[in-house]
There are 2 protein chains.
Amino acid sequence: MADIIPHWLTKQAALAPDRIAIEQPDGTTYTFLELKEKSQSFARRLKKLGVQNDTKIGILSSNHTHMVIAIHALTYLGAVAVMLNTRLTEEELNYQINDAGAKTILVQQHDRQLEAEQYSFSEVWDMPAYDTELKAEIDLDDVFTIIYTSGTTGFPKGVIHTYGNHWWSAVGSMLNLGLHSDDKWLAVLPIFHVGGLSILMRSVIYGIPIYLMERYDKQLAHDALMNKNVTIASVVTIMVRDLLHLLGEGRYPDTVRCLLLGGGPAPQNLLEQAKSREVPVFQSYGMTETSSQIVTLGPEDALEKIGSSGKPLFPAQLQINAEKNEVGEIFVKGPMVTKGYYNNAEATRKSITNDWLATGDLGYTDHDGFLYVVDRRKDLIISGGENIYPAEIESVLAGMEAIREAGVVGKRDEKWGQIPVAFVVTDHPSVTSEDIQSYLHRHLASYKVPKEIYFIETLPRNASNKLVRNKLLEHITD
Amino acid sequence: MADIIPHWLTKQAALAPDRIAIEQPDGTTYTFLELKEKSQSFARRLKKLGVQNDTKIGILSSNHTHMVIAIHALTYLGAVAVMLNTRLTEEELNYQINDAGAKTILVQQHDRQLEAEQYSFSEVWDMPAYDTELKAEIDLDDVFTIIYTSGTTGFPKGVIHTYGNHWWSAVGSMLNLGLHSDDKWLAVLPIFHVGGLSILMRSVIYGIPIYLMERYDKQLAHDALMNKNVTIASVVTIMVRDLLHLLGEGRYPDTVRCLLLGGGPAPQNLLEQAKSREVPVFQSYGMTETSSQIVTLGPEDALEKIGSSGKPLFPAQLQINAEKNEVGEIFVKGPMVTKGYYNNAEATRKSITNDWLATGDLGYTDHDGFLYVVDRRKDLIISGGENIYPAEIESVLAGMEAIREAGVVGKRDEKWGQIPVAFVVTDHPSVTSEDIQSYLHRHLASYKVPKEIYFIETLPRNASNKLVRNKLLEHITD
């Protein structure tokens, strides 16, 4: 039976009208009451554009207050927000816009040619407000957002999130991390990704402020943790690296209780470094399909189980398609998991069976039930019959002082089927392939040591900042 | 669409096997892993009694670990727990047992003649364990408990609670009170009532210990708050009075962050006293039908809005059937509200319309949206066309030093229709009706002052310790 709750922003504005909902580095703030009033006012203006129940509306913006208002405004009309990644090309954006059937896009600025009507936030504000009925309740079964998977291969798929998916994600995280009355969550991850969007949801559900940063700036992020009473921050590996660097021998205030680390496996040495500086990094595992984290290392285990992504959140379940302690594909289930892909029954059928989502990731659980993600299934290198996980080699490479970052990929080989080859970015021009290979031989079995090492300027990353391994081979010109 | 979550006790035992689930004043503790194993073992023994999906099983016990185990055991079999009040007569119990169709009752001891097979907890432990499949998941739409409303008039009705009702109640409370990793909840309210049962649910969902007291003992309860690191306690008025008395001029440790007060309106002077001693009493409003509190005064407002029950919890809604600021019947809605009464479609139809529950209580909201409960609708006294709320007069009476407790009720009167009459319990034999009436005249409009004052030994209370006003008149022998 469908669960109905009061509209969450209206409710939060009624419960805690004067509490801060949004704080920004320049000092501007919005209370929940102000955010509600602005969002309702924006909704009344959107009505002029024919936005109604189930209308798909694109949102193309960096983390700006107007974007937050626009998202909430769509909820008041029952419209579906198609979250568009600002880093995509026009071609990529048009694919998603057309696939989702979005005829209208709300943009921060007019700087793209897109196959839909574009309205900037300020253009909407200039429209008259209609006297229209706004949603007073939320049906958790209704669709709220569509977010395309960044797709390191193939066409992106539009992941459908209901309000319930986001609700359960927020509740699952709260059961893991607790909820303190002084919590403040750093929102620097892009809101067009589910990792950033979920911070917004938690804010309105928990009644806590977000510290909203329009784009990632390591100095500002560091300052937020040091001086702005941020208690929890959602981060990715590169941010942890930057923050540790800026922290130096210093310490964060005790109020910093969690750096929630997502976006893929982190190098072991980085986690060790964080541990040694008493920075509470909690690894997590999740994807667009799970409405952000679904497996997270809890506070109690963060130090003991370094390298693990933890255990599935309270409402979630996990299965590994393998014998105990063996590596296999990771399956997850829970009310935060998407019901499927928009307009793509085949992809849905392929990915979801009896509510279990096949993640395409490989991992194992230890005897205490902690998940260790080893790699993407499709990135697995099979060399002479041995399984080689690029992420394992990358992690060792990242531990070598001379190496800033590294990517490993399988290359066709007549004799072995595939061989691992590495692409590294270094700040030390004097380091040689031989240095690196000899370092690797001290840490890895021989068959895992890349047979070829390539020095490149930067690693190819997609719009989510994820390493795109299959583009690495394009660097080999021979 | 039905939400499926992993079985909550199994899950908590997997997430935090060594965390304490139950702590008792004698020092014994059970971890979540131990509680799970015992509950599963008990379930395997119950199987012999033919307990299966949807079987109604009575539970008749005081707050004992075996009772907790029995409740969880039923969840592993999908059976429905009919929670029976140990203070009821055999006749009252048999009414509920027959109405619920419970053929089996799990009892603490064999001390009643009941119209069902009785098995003591220890008898079940003596049975062999069957190798049977236990539930690994919980469907939130499934029925979990039936609890009969204590019924100050008429036949009791069996309130049906789904797992979802209990889940949402726990989540709603968490969003109000927050969740700290060191939380420990005092469970002294009877678990056969929803107020006590809900503590058990929060424990397993939040992963926090309960401090389980078999029966109310004011000294032990005081000790729990003073010395046992209890952070939250569910209490009723009489307990607050006792605790304040024992506290004297002392102070609780800072770790005591909430005394959640339910069970009916509390006298203003008691709340003022608590405030002056910095005891964080949060008034709340709820009933069996709402799976415990549904309206609660939040930490931020506890001092400002003394006397109010607060605002509806995040997932809940409230309406007063009256003009703004006027007294009217209280209606509530939310996913913690029962879907209806067992085996009683008529009562369900009368009470619930479009998911809104008519509570039968009267109240109003102030201009900030805070609820003030004034009385039960059926206890309203109409005297010469004026509405008189017994609870208001009782509250004033309770503020008079000579009076221990008081009950007010309407008596038929030829001239006025009804007149208010008071029944008081006093420790000061010298106090007279005239003293009391003259005190009341200083605080209340004349038409509200009871025309007759009766001195009695104790007030008639039902098994939930609630004043049964309609039995007061039986004290008048003329």
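Think of each chain on its own: its residues are numbered from 1, step by step along the sequence as written. The naming scheme follows written order: chains are lettered A onward, ligands numbered 1 onward. Totals for whole chains, interfaces and linings use all residues, but because this is a predicted model, local features are given only for residues with pLDDT of at least 70 and pairs of side-chain atoms are given and counted only at 80 or more. With hydrogens and water stripped out, all remaining heavy atoms of the structure feed into the side-chain values.

**Some thoughts on the overall build of chain A**
Right, on to step 1. Secondary structure elements are taken from DSSP: a helix is a run of H or I of four residues or more, a strand is a run of E of two residues or more, and numbering for both begins at the N terminus. Assigned secondary structure in chain A consists of 13 helices and 27 strands.
Right, on to step 2. Rg of the C-alpha trace for chain A: 23 Å, near the compact-globule value of 23 Å for 478 residues, within the 12% margin.
Right, on to step 3. Expressed as lengths along the three principal axes of its C-alpha atoms, the size of chain A is roughly 70 × 50 × 45 Å.
Right, on to step 4. Relative accessibility thresholds used throughout: buried, under 20% of the residue-type maximum; exposed, over 50%; partly exposed, between the two (1.4 Å probe, protein chains only). Expressed as a percentage of the 478 residues in chain A, the buried residues total 60%.
Right, on to step 5. By sequence separation, contacts in chain A at least 24 residues apart represent 65% of the contacts at least 6 residues apart.
Right, on to step 6. Total accessible area on chain A stands at roughly 19500 Å², and carbon and sulfur atoms take up 46% of it.
Right, on to step 7. The positive count covers Lys and Arg only, the negative count covers Asp and Glu only, and His and the chain ends enter neither. We put the charge of a Lys on NZ, of an Arg on CZ, of an Asp on CG and of a Glu on CD. Computed over 45 positive and 60 negative side-chain charges, the separation of the two mean positions in chain A equals 2 Å. Only C-alpha atoms enter the radius of gyration; for comparison, a globular chain is expected to reach 2.2 Å times N to the power 0.38, where N is the number of residues. Two residues qualify as a contact provided that any one of their heavy atoms is within 4.5 Å of a heavy atom in the partner residue. In these tables, accessible area is a Shrake-Rupley quantity obtained with a 1.4 Å probe, and a residue counts as shielded only by the protein chains included in the view.

**Remarks on the packing of aromatic side chains**
Right, on to step 1. A pair of Phe, Tyr and Trp rings is counted when the ring centres sit within 6.5 Å of each other, with Trp represented by its six-membered ring. The angle between the planes then sorts it: under 30 degrees is stacked, over 60 is edge-to-face, the rest tilted. Under the criterion given, the structure shown has 18 aromatic pairs over all chains.
Right, on to step 2. Against the face of A:Trp125 rests A:Lys38, its NZ or CZ located 5.9 Å from the ring centre.
Right, on to step 3. Lying across the ring of B:Tyr341, B:Lys157 places its NZ or CZ 4.5 Å from the centre. Lysine and arginine charges are scored as sitting over a ring when NZ or CZ, respectively, is within 6 Å of the ring centre and within 35 degrees of the ring normal.

**So, unusual backbone geometry**
Right, on to step 1. Even without glycine at this site, A:Asn325 takes up a positive phi of about 70 degrees.
Right, on to step 2. Here A:Asn325 lies in the loop between strand E18 (317-321) and strand E19 (328-333).
Right, on to step 3. One non-glycine residue, B:Asn354, adopts positive backbone phi at about 50 degrees.
Right, on to step 4. Note that B:Asn354 resides in the loop between strand E20 (352-353) and strand E21 (356-365).
Right, on to step 5. Judged by its relative accessible area of 66%, B:Asn354 falls in the exposed class.

**Observations concerning the pairing of strand E21 (residues 356-365) of chain A**
Residues and elements named next belong to chain A.
Right, on to step 1. Burial of E21 is extensive: eight of the 10 residues sit out of reach of the surface.
Right, on to step 2. Two strands make a pair as long as DSSP finds a minimum of two bridges between them. Where E19 meets E21, four bridges bridge the pair, whose relative direction is antiparallel. Counted as the bridge partner of Glu 329 is Leu 362 from E21.
Right, on to step 3. Pairing between strand E20 (residues 352-353) and E21: two bridges, direction antiparallel. From the neighbouring strand, Thr 353 faces E21, where its bridge partner is Trp 356.

**Overview of the domain arrangement of chain A**
Residue and element names in this part refer to chain A.
Right, on to step 1. By the assigned domains, chain A splits into domain 1 (4-374) and domain 2 (381-475).
Right, on to step 2. Source of the domain bounds: an automatic or database domain assignment. The straight-line distance from the C-alpha centre of domain 1 to that of domain 2 is 31 Å.
Right, on to step 3. Listed per partner, the contact involves 16 residues of domain 1 and 14 residues of domain 2.
Right, on to step 4. Computed with a 1.4 Å rolling probe, the buried area is the accessible surface lost when two parts are put together, summed over both parts. Summed over both partners, the interface of domain 1 with domain 2 buries about 1200 Å², with 54% contributed by carbon and sulfur atoms.

**As for helix H8 (residues 218-227) of chain A**
Residue and element names in this part refer to chain A.
Right, on to step 1. Of the residues making up H8, those classed as buried are Ala 221, His 222, Ala 224 and Leu 225. Looking down the long axis of H8, one finds its buried residues gathered within 155 degrees of arc, a one-sided arrangement.
Right, on to step 2. In this structure, the buried side of H8 is in contact with strand E11 (185-187), strand E12 (210-212), strand E13 (232-236), helix H9 (237-247) and strand E14 (258-262).
Right, on to step 3. Structurally, the start of H8 carries an N-cap: the backbone nitrogen of Gln 219 is 2.9 Å from a side-chain oxygen of Asp 217.
Right, on to step 4. Two residues or fewer after H8 comes Asn 229, characterised by a positive phi angle close to 60 degrees. The arc under discussion is defined with respect to the helix axis, by the directions toward the C-beta atoms. Any pair of N or O atoms that falls within 3.5 Å is considered a polar contact. Within protein, one atom must be able to donate a hydrogen and the other to accept it, and sequence-neighbouring residues count only if both atoms are side-chain atoms.

**Remarks on the packing of H8(A) against H9(A)**
All names here are of chain A.
Right, on to step 1. As a packed pair, H8 and H9 sit with axes 10 Å apart at the nearest point and diverge in direction by 65 degrees. Overall, the two elements H8 and H9 adopt an arrangement that is roughly perpendicular. Considering only the axes of H8 and H9, their crossing is right-handed. Touching Lys 218, Gln 219, Ala 221, His 222, Leu 225 and Met 226 of H8 are Asp 242, Leu 243, Leu 246 and Leu 247, all from H9.
Right, on to step 2. Broken down by class, the residue content of the contact of H8 with H9 amounts to six nonpolar, two polar and two charged. Simply put, an axis is a line fit to the C-alpha atoms, just over the touching stretch for a helix, and the angle between two N-to-C directions goes from 0 to 180 degrees. The labels follow the angle: roughly parallel below 35 degrees, roughly antiparallel above 145, roughly perpendicular from 65 to 115, and oblique for the rest. Two helices cross in a left-handed way if the nearer one is turned anticlockwise from the farther one by less than a right angle. They cross in a right-handed way if the turn is clockwise. Amino acid classes used here: Ala, Val, Leu, Ile, Met, Phe, Trp, Tyr, Cys and Pro are nonpolar; Asp, Glu, Lys and Arg are charged; the rest, including Gly, are polar.

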